[in-house]
Amino acid sequence: MEIMIKRKKNIIPFIILLGISMFYFIPIIMMILGSLKDQTEAIMFNLNLPKNAQWKNYAEVIKRGKILNGYKNSFIITSISTILTIIVGGFAGITISRRNDKLSNGFYYYFIFGLTITLQIASMFSLLKSFNLYGSFISVILIFVAQRMPFTVMTFTSFVKGVPRSLDEAAIVDGCNVFQLYTQILMPILKPIILTNTIVTIISVWNNFNISLFFLNSAKQWTVSLTIYNFYGMFSRDWHLVFTALVLTIIPVVAVYLWLQKYIVSGMTAGAVKG
Amino acid sequence: MLIRREKMFYPAGLIVPALVVFTLFTIVPVLMSLFYSFTDWNIMRMENPEFRGLLNYQRLFSDPIFLRSLGNTLLFAFSTTFLKTVIGLMLAIILIKKVPGNGIFRTLFYLPCVLSTTVVGVLYKAILASNGLLNNGLNSIGLSFLTFDWLSTYATAITSTIFIESWMWAGFNMIIFIAGLQAIPSDYYEAAEMEGAGKVNTFFNITIPLLVPAFTVVITLCITGGLRVFDLIYVLTNGGPGFDTQVMNTFAFRAFGQGLLGESSAASIVLAFVVVTISFILNNKLKSSEVEA
């Protein structure tokens, strides 16, 4: 009886949520159905089922749209940026948290200040030119790593505060060196925060559009986001192919999201609630 | 003694790589922009720009397109912040209860946050085009008089970008608010119930004040994110119709594309100033209204 009342009480919120979820489902359904339509059907922009599922759209987009090349470029940039972010930012965060003196606290606020800093297109262009880096993967990777520093340092610093110092002391007494202390003692305990930062960095770098647009100049280097943008420009009459390209673009990131959801959600909100 | 020995195990040198990359690729460009914004730096005079004082700033503030960009940026940042916060809080309040399908709804509402803005922008072009999904839908339910070429006028184009941005990020705020709501001890509510406080009363006198830390995070992130908008505008309207929906970042990029590097730098500096000032004010205001739970 009590369960019945509870169910009834929850039915109104359920219906409200179902209504709201339509705003999320409809664009996704339109995209997936559209990717299986032919040209004339797709341009009708409706939610009708395709007459004959056109799986060949996928083969055509992969062949003509250079999507795989975009995947490759995004993969290279994302993986290197992520590894560097974790190592460079993680070491800085651990050190700042453990030293906890005036100097390192100063550095901490210096990094946090970076959260308010905006990208300077013209100066960055000239800076990269003067280092002879403009148009290279290294340049965008360094920009991504620099942009990730405030969040990474902040989350590592606050996480390490919760790791008991006695652990480090025991290891030091046992005669481990600095390198062992960081990699063998601390890193394993910091696994949750490493995972969180890894995923947040992967998603933000993989999805980034503007930095690659500003600082990568040849079509060969285009990332997934740039590829899809240019694909849309070239094939704007072929909506069936555009929808297909969109589906192909989001598959990897949606797969990662559904698989590691728990860490993404905790990561995106890390530090946020503790304040 | 022990303290000094211990510090050896956390050499300050390990902060240096992060410090160098961060300084070089975020701080130095700002200082360069500040310097170049006072010069006639352009693509023809890359090497030897001449000092021109406040000329670039005078030009910017007498350029109607720049003033429009500044206005649009503020409008976009504040209205998206409002919508994302209200919708996010609403979703969180519903989803904190044991509604059937709870997990699925959370997953769905958060989904747009992991999509690339480019994908979202192109997708919404298909929805908002004059023969797009929205108009077709309106036609099929007998509301043909409401159909419109949504991206063709300023009012509807900017409103569309505001709604799409809010659609993308409301789920993010929802997650933060859910975490915030879960952190409120349930005895507060029990005490309120014993005292006979109504639901509305409880909401405004217990829930909202105790959610202030969550509001601080949400509002700060939304405002600074909104002021930096580039991708969505660039993909969806490209600043059009005409220059009507330009924002600061698309303006800076356009000036950069025209080779007007000094003017582009000045625009970037104005934006940086706006972002720092607003985040500073917000942080002070919100921090001072936090209460101890």
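Residues numbered from 1 in each chain as written. Chains lettered and ligands numbered in written order. Predicted model: local features only at pLDDT ≥ 70, side-chain atom pairs only at ≥ 80, totals over all residues.

## Considerations on the overall build of chain B
Rules: Going along the chain from the N terminus, every DSSP run of H or I of four or more residues is numbered as a helix, and every run of E of two or more is numbered as a strand. Note that the radius of gyration is over C-alpha atoms, with the globule rule given as 2.2 Å times the number of residues to the power 0.38. We call two residues in contact whenever the C-beta atoms placed from their backbones are within 7 Å.
Per the secondary structure count, chain B includes 14 helices and zero strands. Counting from the amino terminus, helix and strand elements in chain B follow one another as α-α-α-α-α-α-α-α-α-α-α-α-α-α. Radius of gyration (C-alpha) of chain B: 24 Å, far over the 19 Å computed for a compact globule of 293 residues. With the principal axes as the frame, chain B shows a C-alpha extent of 80 × 75 × 30 Å. Within chain B, contacts between residues separated by at least 24 positions form 72% of all contacts whose residues are at least 6 apart in sequence.

## Considerations on the overall build of chain A
Note the threshold: Three classes are used. A residue is buried when 20 or more other C-beta atoms lie within 10 Å of its own, exposed when 12 or fewer do, and partly exposed in between, with C-beta atoms placed from the backbone.
Helix and strand content of chain A: 13 helices and zero strands. The order of helices and strands in chain A, counted from the N terminus, is α-α-α-α-α-α-α-α-α-α-α-α-α. Overall, chain A is about 70 × 70 × 35 Å in size when its C-alpha atoms are taken along their principal axes. Residues counted as buried form 45% of the 275 residues belonging to chain A. Contacts spanning at least 24 positions in sequence make up 75% of the contacts within chain A whose residues lie at least 6 apart.

## What about helix α7 (residues 133-140) of chain B?
For α7(B), the full list of buried residues reads B:L133, B:L134 and B:N135. Once α7(B) ends, the next one or two residues include B:G142, with phi positive near 75 degrees.

## A word on the interface of chain B and chain A
This is how the line gets drawn: When residues are sorted by character, Ala, Val, Leu, Ile, Met, Phe, Trp, Tyr, Cys and Pro go into the nonpolar class, Asp, Glu, Lys and Arg into the charged class, and all the rest, Gly among them, into the polar class.
On the side of chain A, 69 residues touch chain B, which itself brings 75 residues to the contact. Among the elements that take part in the side of chain B that touches chain A, helix α2 (residues 16-36) of chain B stands out by supplying 13 residues, more than any other. Of the residues assigned to the side of chain B that touches chain A, the class counts are 52 nonpolar, 17 polar and six charged.

## Here's the deal with the environment of A:Y108
Residues and elements named next belong to chain A. Turning to its location among the elements, Y108 is positioned in helix α5 (residues 102-113). Using a count of 21 C-beta atoms within 10 Å as the deciding quantity, one classes Y108 as buried. Setting aside residues no more than four positions away along its own chain, Y108 makes contact with I96, V153 and T157.

## Quick word on the packing of helix α7 (residues 137-161) of chain A against helix α10 (residues 191-207) of chain A
Residue and element names in this part refer to chain A. For clarity, the threshold we go by: Axis definition: a line fitted to C-alpha atoms, limited for helices to the stretch in contact. Angles are taken between N-to-C directions and run from 0 to 180 degrees. Any angle that falls under 35 degrees is termed roughly parallel, while one over 145 is termed roughly antiparallel, one within 65 to 115 roughly perpendicular, and all others oblique. Put simply, a crossing is left-handed when the front helix is turned counterclockwise from the back one by less than a right angle, and right-handed when it is turned clockwise.
Running from N to C, α7 and α10 point in directions that differ by 160 degrees, and their axes come no closer than 11 Å. When the interaxial angle is binned, α7 and α10 end up roughly antiparallel. The two elements α7 and α10 cross, and the hand of that crossing is right-handed. Residues F144, R148, T152, T155, F156 and F159 of α7 touch α10, and the partners they reach there are I193, T196, N197, T201 and V205. In terms of residue class, the contact of α7 with α10 is made up of five nonpolar, five polar and one charged.

## Observations concerning the domain arrangement of chain A
So the rule is basically this: Delimitation of the domains relies on an automatic or database domain assignment.
Split into domains, chain A comes out as domain 1 (1-64 + 235-275) and domain 2 (76-203). For domain 1 of chain A and domain 2 of chain A, the distance between their C-alpha centroids amounts to 34 Å.

## Some words on the environment of A:A146
For A:A146, the location among the structural elements is in helix α7. Those residues within four positions of A:A146 in sequence are excluded, and the remaining contacts are B:V21, B:F22, B:F25 and B:T26.

## Structural notes on the nonpolar core
Quick reminder of the rule: Connectivity within a nonpolar core runs through C-beta atoms within 7 Å, and the core itself is a set of buried Ala, Val, Leu, Ile, Met, Phe, Trp, Tyr and Cys residues.
Membership of the largest hydrophobic core comes to 150 residues, with the highest contact counts inside it found for A:L246 and B:A267. Ignoring anything within four residues of it in the chain, the contact list for A:L246 reads A:M31, A:I228, B:V119, B:V122 and B:L123.

## Concerning unusual backbone geometry
The linkage connecting B:G240 with the following residue, B:P241, adopts the cis geometry, with an omega of 0 degrees. Along the chain, B:P241 turns up in the loop between α12 (231-236) and α13 (248-257). The phi angle at A:N132 is positive, at roughly 60 degrees, despite the residue not being glycine. If you trace the backbone, A:N132 turns up in the loop between α6 (121-130) and α7. The class for A:N132 is exposed, based on 9 C-beta atoms found within 10 Å. Phi at B:N238 takes a positive value of approximately 50 degrees, unusual for a residue other than glycine. Tracing the backbone shows B:N238 in the loop between α12 and α13.

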